[in-house]
Amino acid sequence: MAHKPTTIKDAIKQWEGENDGQIAGDAEKVMLNGVMPPIEKMDASLGALKSVKRLALSTNAIEKITGLNGLTNLEILSIGRNGLRKIDGLEPVGGTLKQLWLSYNYIDKLGGLTVCPNLEVLYISNNRVSSWGEIEKLGDNKNLREVLFKANPIEEKYSKEGTWRVEFVKRVKQIKKLDGYIIEDSEREAAGVA
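In every chain, residue numbers begin from 1 and rise along the written sequence. Local features in a predicted model are, by the rule used here, given only for residues with pLDDT of at least 70; side-chain atom pairs are given and counted only at 80 or more, and totals for whole chains, interfaces and linings are based on all residues. The basis for every side-chain value is the complete set of non-hydrogen atoms in the structure, without hydrogens or water.

### Looking at the nonpolar core
1) Next: Within the largest apolar cluster, 56 residues are counted, with the highest numbers of intra-cluster contacts made by Leu 55, Leu 90 and Phe 149.
2) Next: In DSSP terms, a helix is any run of H or I states spanning at least four residues, a strand is any run of E spanning at least two, and both are numbered starting from the N terminus. At the level of secondary structure, the elements contributing two or more residues to this core comprise helix H1 (8–18), helix H2 (132–136), helix H3 (153–161) and helix H4 (164–171).
3) Next: Residues in contact with Leu 90, not counting those within four places in the same chain, are Ile 65, Leu 68, Leu 77, Leu 97, Leu 100, Gly 112, Leu 113, Val 115 and Cys 116. We define the nonpolar core as a collection of buried residues of types Ala, Val, Leu, Ile, Met, Phe, Trp, Tyr and Cys that are connected through side-chain atoms lying within 4.5 Å of one another. Buried, partly exposed and exposed residues are distinguished by accessible area as a fraction of the type maximum, computed with a 1.4 Å probe on protein chains only: under 20%, between the cut-offs, and over 50%, respectively. Residues count as neighbours in contact if any of their non-hydrogen atoms are within 4.5 Å of one another.

As C-alpha cells, then:
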C-alpha cells in the first residue's frame, strides 16, 4: 500500500514533538531530514519558520525549491539527497542565504544562484554539471569562497587530466577552497589570477 507523502506542515509538527514541544517558528535551526514517508513538496507552510537560520530538508523526495517566502533570516539551506533538477525559487531568501547544500541531486545547470549575492558556500557534489559554461556562472557570486564539486561529470573528467582545480580557479577567481582543500598560491598563479 502506497503511503501519502509527508506535508511540510506535518513534518514541522513532528519536529516540534521530537523537540520537547519547541515552537518551530521560534527555532533558529529546523531539521526535516529523512522524513518518513518523504516530503515531496516544499510549500507555504515553511513561512511559519520566521526565526530559522538553518533549514535542513535533506534525504526526502523534493523536486522543486518553493515556499521560501517569509524565511527572512535563512542563512543555510540544506536540500541534498532529493530529486532536484535545477536551482530556482531562491529569490525570497536570496539576500540572506550564505550556504546552499545541494549534493546528491540531478542538477546540471547552475543558473538561479545570481539571486544570492551573499552566498559563501555551495555544496553541489554528486550532481550532473558537465560544462565550463555552467561553472562560469559562479563567477557572478562575488562572495563565494567554498565549493564542493566532487563527482560531477566535469570534475571527474578534468581531475583525471589533472587540470580541474586550475581550470576552476580561472573561472571562479574568488574561490578560496575547492573540494575540501584550500586553493594554493601556485594554483592561482597557474590560473593567471595570482
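So, next bit.
### Here we look at the pattern of salt bridges
1) Next: A pair is scored as a salt bridge if a Lys or Arg side-chain nitrogen falls within 4 Å of a carboxyl oxygen belonging to Asp or Glu. A full pass over the atoms with the stated rule returns 7 salt bridges.
2) Next: The closest approach of N and O atoms between Arg 171 and Glu 136, which form a salt bridge, is 3.4 Å. You can see Arg 171 sitting in helix H4 and its partner Glu 136 sitting in helix H2, a full 35 residues away along the chain.
3) Next: Of the charged contacts in the structure, one is a salt bridge between Arg 171 and Glu 167, with a shortest N-O distance of 2.8 Å. You can see Arg 171 and its partner Glu 167 sitting in helix H4, 4 residues apart, about one turn around the helix.

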